[in-house]
Amino acid sequence: MNNLIEKFTDAALAQMRESHTYRTMRLIESPEAAHIILRGENGISSEQILLASNSYLDLADVPELKQAMANAVLKWGTGSGGARLTTGNKTPHVELETEIARFKGEEAAITFNTGYMANVGTISALCGKGDYIFSDELNHASIIDGIRLSRAKCFVYKHNDMADLERVILEAKADAREQAATSQGKAAAEFRGMIVTDAVFSMDGDLANLPELLKIAKAHEVLLMIDEAHATGVLGKTGRGLAEHYGCEHADVTIGTLSKAVATEGGFVAGKQKLIDFLRNKSRSFIFTTAMAPAIAAAALNNLKFIEANPERVQQLRGNVDFFCESLRREGLNVATSPSAIVPIVIGDEAKALQISATLQEHGILIPAIRYPTVAKGSARLRASLMATHTHEELERAAKEIATICKTDIS
Ligand SMILES: Cc1ncc(COP(=O)(O)O)c(C=O)c1O
């Protein structure tokens, strides 16, 4: 037996254990909903209030939506059997894309198997060597991976800092001029740049400043792409996202996911028909993969229609976030009212955050600790996220428990 695997894994595993960043997975024995059954490390199962889900509208376990998905399985089978460009493209895929475009108020849309693939495949298709990307420092990993894959030059700007964004755009333009000056007779390529940002930042719950971003993108003639993974179904009166929230224009490229508030799976891009035609032909994570199961596409379509028909669910979620943040403050915690469904309670120390999360779990409240490398070292946090269906009573009880445990010196 050789020990080659150990050569690649041992040092990293030891380092992660030492720095409390080693990850395991918790086991949940019930569907995703406001209350779940969690299998503890001791093998004992317990009921928990789930304050950690991306299923913000709590649609994963709604009987009529489950029935619609079951019907779609019976009609369309278990898998798509091919890539979208070969034999995988079925009626539900096309209907879903039409509905997404309508819901988002765009000309057209295209779906991917995950939001991760939508980001990676869109950024790397649109931008390449010689292009410039301007990326918020807190952007999601899938955006960062898409930028790396594109081989464009990346300029990271300070989180939500519009002056810093303008600074890096000017720096990139100067860099492009310098490249042109040294291109020794070769025709200088036209400057092409794209700003990329999360709409809702996934670990802080704050929002990108879309009106300012639109102004800057226009002034500097660069594209604007926003990732509405945590905004779709959450922001705006009817859950249509960041543009509805601000009452402003849309970005050039809107990414979204069907895995969070929509409670199924998949990612999408919405925008001009030309953008969608381009991605269908150029995006490798769209082309070189089997299409999502048609039943998933049908389920996403049904769930999206449900959101459209029940905007009060979006407003219920908004009310819950306001109530929860206020309850935490009433209990003495320094928490601002989140504009999204994500409420970070920053603890700082990695081990302490883990300990608080474990104690909360003993009290029937599931809020995982988020640590480095997902967030910066020393900014470990409880990342609470709310659902439309949590009751005020349980949110108040949770706020009391969280405050009591946070104030107790556990370490
Ligand atoms: C901002 C952001 N973008 C993209 C994704 C990826 O979406 P998906 O889970 O559908 O792959 C996530 C989370 O998973 C996210 O938080």
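Numbering of residues begins from 1 in every chain and follows the order in which that chain's sequence is written. Per-residue local features are limited, in this predicted model, to residues with pLDDT of at least 70; the limit for side-chain atom pairs, both in listing and counting, is 80 or more; totals at the level of whole chains, interfaces and linings are taken over all residues. The side-chain quantities take in all heavy atoms of the structure and omit both hydrogens and water.

Details of the sheet that holds strand 1 (residues 27-28)
Moving on, step 1. Note on pairing: DSSP must find at least two bridges between two strands before they are called paired. To qualify as a helix, a DSSP run of H or I must reach at least 4 residues; to qualify as a strand, a run of E must reach at least 2; elements of each kind are numbered from the N terminus. Judged by pairing direction, the sheet is mixed, and its four strands sit side by side in the order 1-2-3-12 without closing on themselves. Strands at the two margins of the open sheet, each flanked by one partner only, are strand 1 and strand 12 (365-366).
Moving on, step 2. Pairing of strand 1 with strand 2 (residues 35-39) involves two bridges; the strand directions are antiparallel. When the sheet's bridge partners are listed, I28 is paired in strand 2 with L38.

Focus: the domain arrangement of the protein
Moving on, step 1. Segment limits for the domains were obtained from an automatic or database-derived domain assignment. Domain boundaries assigned for the protein yield domain 1 (20-50 + 311-407) and domain 2 (63-309).
Moving on, step 2. Here the C-alpha centre of domain 2 lies 28 Å away from the C-alpha centre of domain 1.
Moving on, step 3. Contact residues are listed per partner, giving 17 residues for domain 1 and 20 residues for domain 2.
Moving on, step 4. Buried area adds together the accessible area that both of two parts lose upon being put together, with accessible area traced by a 1.4 Å probe. The contact between domain 1 and domain 2 buries some 1300 Å² in all, and 64% of this surface belongs to carbon and sulfur atoms.
Moving on, step 5. Among the residues domain 1 hides against domain 2, the three largest losses belong to P311, V314 and P339. Together they make up 37% of the total.
Moving on, step 6. Salt bridge, as used here, is a side-chain nitrogen of Lys or Arg placed within 4 Å of a carboxyl oxygen of Asp or Glu. Run the count over domain 1 and domain 2 and you get one salt bridge.
Moving on, step 7. Across the pair D204 and R381 runs a salt bridge, and its minimum N-O distance is 3.2 Å. Any pair of residues with heavy atoms lying within 4.5 Å of one another is described as a contacting pair.

A word on the site of the ligand
Moving on, step 1. Only a single heavy atom is needed: when it lies within 4 Å of a molecule or strand, its residue is near that molecule or strand. Residues in contact with the ligand amount to 14 residues; listed here are only the nearest, G115, D227, H230, T257 and K260.
Moving on, step 2. Distance and chemistry together define a polar contact, namely a pair of N or O atoms within 3.5 Å, with one atom able to donate a hydrogen and the other to accept it when in protein, and with adjacent residues in sequence counting only for side-chain atoms on both sides. Between the ligand and D227 there is a distance of 2.5 Å, counted from a nitrogen atom to a side-chain nitrogen or oxygen.
Moving on, step 3. A total of 380 Å² of accessible area belongs to the ligand in isolation, and the protein chains cover 83% of it.
Moving on, step 4. The element best represented in the shell around the ligand is helix 5 (residues 115-126), accounting for three residues.
Moving on, step 5. Polarity classes work like this: nonpolar for Ala, Val, Leu, Ile, Met, Phe, Trp, Tyr, Cys and Pro, charged for Asp, Glu, Lys and Arg, and polar for all others, with Gly in that last group. Among the residues making up the shell around the ligand, the classes are represented as two nonpolar, nine polar and three charged. Areas reported here follow the Shrake-Rupley algorithm with a probe of radius 1.4 Å; residue values treat only the protein chains shown as occluding.

Overview of the layout of surface pockets
Moving on, step 1. Counted as a void, the second largest pocket has a volume near 710 Å³.
Moving on, step 2. Using a grid of 1 Å spacing that covers the protein atoms alone, one calls a set of points a cavity when a 1.4 Å probe fits there but cannot get out, and a pocket when the set is open and has protein on both sides within 12 Å along at least five of seven lines; lining residues are those with an atom within 4 Å of a point. Residue lining of the second largest pocket: 27 residues in total, with G193, V222, L223, L224 and D252 positioned closest to the centre.
Moving on, step 3. Listing elements by their share of the lining of the second largest pocket, those giving two or more residues are strand 7 (193-198), helix 8 (210-220), strand 8 (223-227) and helix 10 (273-282).
Moving on, step 4. Element by element, the count of residues in the lining of the second largest pocket is highest for helix 8, at four residues.
Moving on, step 5. Among the residues making up the lining of the second largest pocket, the classes are represented as 13 nonpolar, four polar and ten charged. Grid points are joined across faces, edges and corners, and a volume is the space filled by probe spheres set on the points.

Quick word on the environment of A299
Moving on, step 1. Relative to the assigned elements, A299 resides in helix 12 (residues 294-309).
Moving on, step 2. Sequence-wise, A299 and I287 are twelve residues apart; in three dimensions their C-alpha atoms are separated by 22 Å.
Moving on, step 3. When neighbours within four sequence positions are excluded, A299 is seen to be in contact with M69 and T264.

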